[in-house]
Amino acid sequence: MSETATESVTGIVRVGYPATLAAELLSGFPRQAELIPLSDAPGPEVDIDVWIPDPYQTRALRTWPRLRGVRLVLALMAGTEWIPRTVGPHVTICNARGAHNISTAEWTVSSILAMLKYFPLYLDIQRTGIWKRRFEATAHYAKITGDARAVYPPVMQEELTGKTVLMVGYGSIGKEIERMLEPFHVDLLRVARTPRTDPVVHAVSELEALLPRAEVIILILPATAESNKLIGAREFSLMRQGALLVNAARGPIVDTEALVDALNTGRVRAALDVTEPEPLPEGHPLWSCPNLLLTPHVGGSSPQFAPRALRTAADELRRYIAGEPLQNVVQAAV
Ligand SMILES: NC(=O)c1ccc[n+]([C@@H]2O[C@H](COP(=O)([O-])OP(=O)(O)OC[C@H]3O[C@@H](n4cnc5c(N)ncnc54)[C@H](OP(=O)(O)O)[C@@H]3O)[C@@H](O)[C@H]2O)c1
């Protein structure tokens, strides 16, 4: 994440924010900020210096055509891929790096545990009200892992502790996931764009060599041209039988057709918070895939998220006004 110093700003800075946000969330903003609520309904043009877009892209896109003079965008989300192509290259864009860490890392660890503890299967069994159906877990284990030994007592769930976990993306959220995984003593293999040591982070070019080692694969990297369909038919073929793919990042990082195939043939299992396309249309083949836990892009949202994201935006705005380097720049204005 680059840092960009700005010249200090004198006078009032006009900050447009989504009218849907409670005004008290902006109480920590600097005194020089004139706060202007923006609706996404058609209306007159509005002159602002700084834009805080609505976290919902469709609403933000309805607001953007009315805005004039925007020099800085303070996004409340970590994923900002739609913003550069909307506002163009002459606007600096900062994201709310860190604001999603806890909620998204908790979603990731919960979904791993839910899948390894067979919660989706047990929820189905609970709905039938038939205790004996719990033995279906044993058949599920044998089928998904390929471990057909007659294990006694029967397998009713699996353990996360001691498993090999491959994490693709080792940034702000990845580090929080690592922290939350600590009590499980997993063998963590980290992958990022740039390899480094202490701790060891592998280059993404090593992905093919690492995939066969992992029992759980977590995706927590941005959607970019380089990461598009990073996981496709070839990568699924390299995964261990029954590996769990967890996508907490963005749908386009996985080739959906290859994923549907890998799930339907029983090669892998998956937990997805994000899909391609999104929203996932009714009747899409993913909805009915086996061994899949799917949530509709909820990983970042909790009651604690908005206050955290607006504190990050307020800090960045204070730096902008003071002419200090901005911290979470995803695009520097040209
Ligand atoms: N499900 C949700 O609701 C939700 C919520 C928040 C965020 N997200 C997604 O999670 C992503 C990560 O967030 P973050 O805050 O952790 O971002 P971050 O701090 O910027 O970290 C991104 C990590 O991904 C790595 N990376 C980037 N491109 C890569 C590539 N092509 N191959 C391999 N690794 C690559 C980076 O490598 P380097 O370290 O070498 O730069 C870095 O380690 C966001 O971009 C967003 O799409 C989803």
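Residues numbered from 1 in each chain as written. Predicted model: local features only at pLDDT ≥ 70, side-chain atom pairs only at ≥ 80, totals over all residues. Heavy atoms only, no water.

Close contacts around the ligand come from 27 residues, with S172, I173, R193, T194 and D273 the closest. Within the backbone of G171, an N or O atom sits 3.3 Å from an oxygen atom of the ligand. For the ligand, an oxygen atom lies 2.9 Å from a polar atom in the backbone of I173. Protein chains bury 91% of the 940 Å² of accessible surface belonging to the ligand in isolation. Among the residues making up the shell around the ligand, the classes are represented as eleven nonpolar, ten polar and six charged. (Near = heavy atom within 4 Å. Polar contact = N/O pair within 3.5 Å; in protein donor to acceptor, adjacent residues only side chain to side chain. Areas by Shrake-Rupley, 256 points an atom, 1.4 Å probe, with all protein chains shown as cover. Nonpolar A, V, L, I, M, F, W, Y, C, P; charged D, E, K, R; others polar.)

Quick look at the packing of helix α3 (residues 101-116) against helix α6 (residues 172-181) now. Contact geometry of α3 with α6 gives a least axis separation of 9 Å together with a crossing angle of 55 degrees. As the angle between them shows, α3 and α6 are arranged oblique. Both α3 and α6 take part in a crossing whose hand is right-handed. Taken together, the residues of α6 that come into contact with α3 (itself represented by N101, I102, T104, A105, E106, T108 and V109) are S172, I173, E176, I177, M180 and L181. (Axes fitted to C-alpha atoms, helices over the stretch in contact; angles between N-to-C directions. Helix = DSSP H or I, 4+ residues; strand = E, 2+ residues; numbered from the N terminus. Parallel < 35°, antiparallel > 145°, perpendicular 65-115°, else oblique. Left-handed = near helix turned anticlockwise from the far one by under 90°. Contact = heavy atoms within 4.5 Å.)

Burial of strand β14 (residues 269-272) is two-sided: the residues R269 and A271 facing one way and the residues A270 and L272 facing the other way are all buried. Two strands pair when backbone bridges link them, and strand β13 (residues 244-247) and β14 are joined in this way by four bridges, in the parallel orientation. Within β14, the position partnered with N247 by the bridge is L272. In this region the chain leaves β13, passes through helix α9 (residues 256-264) and returns to the parallel neighbour β14; the handedness of that crossover is right-handed. With three bridges joining them, β14 and strand β15 (residues 292-294) adopt parallel strand pairing. Across the sheet, residue A270 finds its bridge partner in β15, namely L292. (Buried < 20%, exposed > 50% of the residue type's maximum accessible area, 1.4 Å probe, protein only. Pairing = 2+ DSSP bridges. Right-handed = clockwise from strand over helix to strand, strands pointing away.)

Let's shift gears to the environment of G171. In this fold, G171 is placed in the loop between β9 (164-168) and α6. G171 gets classed as partly exposed once you look at its relative accessible area, which sits at 22%. A sequence separation of 114 residues divides G171 from P285, and the C-alpha atoms of the two residues are 32 Å apart.

The grouping of R97, K175, R193 and R196 at the surface amounts to a positive patch. Using a relative accessible area of 35% as the deciding quantity, one classes R196 as partly exposed. (Patch = residues over 30% accessible without salt bridge, like charges linked within 9 Å, V, L, I, M, F, W, Y side chains within 5 Å. Salt bridge = Lys/Arg side-chain N within 4 Å of Asp/Glu carboxyl O. Lys, Arg positive; Asp, Glu negative; His and termini not counted. Charge placed at Lys NZ, Arg CZ, Asp CG, Glu CD.)

Burial within β9 is extensive, with five of its five residues counted as buried. Residues T164, L166 and V168 of β9 are buried on one face, and the alternating residues V165 and M167, pointing to the opposite face, are buried as well. With five bridges connecting them, β9 and strand β10 (residues 187-192) associate as parallel partners. Counterpart to V165 in the pairing with β10 is L188. Taken together, β9, α6 and β10 constitute a β-α-β crossover, and its handedness is right-handed. Examined bridge by bridge, β9 and strand β12 (residues 216-219) share four bridges and lie parallel to one another. Bridge pairing in β12 places V168 opposite L219.

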